[in-house]
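Overview (structure and organization)
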Amino acid sequence: MRYLILLVALFASAARAEDARPFSPSDYPPGVQRALRYANEECDSQDGGTVTFASDTVRKIDLTGDGRDDYIVDFSGAKCGERETIYCGTGGCTMNILVALPGGDVRLVFDGRVRSYEIKPNSARHGASRVIRFDLHGSYCGGFGAQTCVKERAITTKPFAFREP
């Protein structure tokens, strides 16, 4: 009986391993693929080698409340060859937010560096935009690098950026 249980467990783990596919930019719409090309261009410009994306580089989630998948492209886990800091610095890591449009295209609404982010829980209002809490470099709040700077933004189809005062 123990051997049968062991055999079933081995088959189950082998099936899960086969289901795990490597990250592929071609799994995403053209607008997201353009955002991902940034990683390759930046790596090439620094003679870094091959880009490796983390499995969670792209996150699909409805941010605008319209029922369509929007995308967060977070380069914090991307590597350029053996270099792990090409896409990150003291201001955080490069992040893009792309929202789906009615015709099927996506629009880049945010392109910047963030230290971390948190998507706030859904509003009770049906169709409401999601709010993201961004942790930014202190200079965006009039301070310096190590200081805390938190900004929140409701995500719509309108592009936005954070500016230093």
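For the structure, check the block above.
Quick look at the structure, then. (Residues numbered from 1 in each chain as written. Predicted model: local features only at pLDDT ≥ 70, side-chain atom pairs only at ≥ 80, totals over all residues. Heavy atoms only, no water.)

1. Observations regarding unusual backbone geometry
Even without glycine at this site, Asp47 takes up a positive phi of about 50°. Tracing the sequence through the fold places Asp47 in the loop between α2 (30–45) and β1 (51–52). By relative accessible area, Asp47 is classed as exposed at 68%. (Helix = DSSP H or I, 4+ residues; strand = E, 2+ residues; numbered from the N terminus. Buried < 20%, exposed > 50% of the residue type's maximum accessible area, 1.4 Å probe, protein only.)

2. Considering the pattern of salt bridges
According to the stated counting rule, one finds 4 salt bridges in the structure shown. A salt bridge links Asp69 to Lys60, with the nearest nitrogen and oxygen atoms 3.7 Å apart. Among the residues examined, Asp69 registers a relative accessible area of 37% and is labelled partly exposed. The exposure class of Lys60 is partly exposed, given its relative accessible area of 49%. We note a salt bridge from Glu152 to Lys120, for which the minimum N-O separation is 3.4 Å. Of this pair, Glu152 sits in strand β10 (residues 149–154) while Lys120 sits in the loop between β8 (116–119) and β9 (131–136); the two residues are 32 residues apart in sequence, bridging distant segments of the chain. The partly exposed category is assigned to Glu152, whose relative accessible area is 47%. Lys120 gets classed as partly exposed once you look at its relative accessible area, which sits at 24%. (Salt bridge = Lys/Arg side-chain N within 4 Å of Asp/Glu carboxyl O.)

3. Remarks on the packing of aromatic side chains
Inspection of every chain in the model, using the stated rule, returns 12 aromatic pairs. When the centroid spacing of 6.0 Å and the interplanar angle of 65° are considered together, the rings of Tyr38 and Tyr87 count as edge-to-face. Placement of the pair is Tyr38 in helix α2 and Tyr87 in the loop between β4 (79–80) and β5 (88–89), with a sequence separation of 49 residues. (Phe/Tyr/Trp six-rings, centres within 6.5 Å; stacked < 30°, edge-to-face > 60°.)

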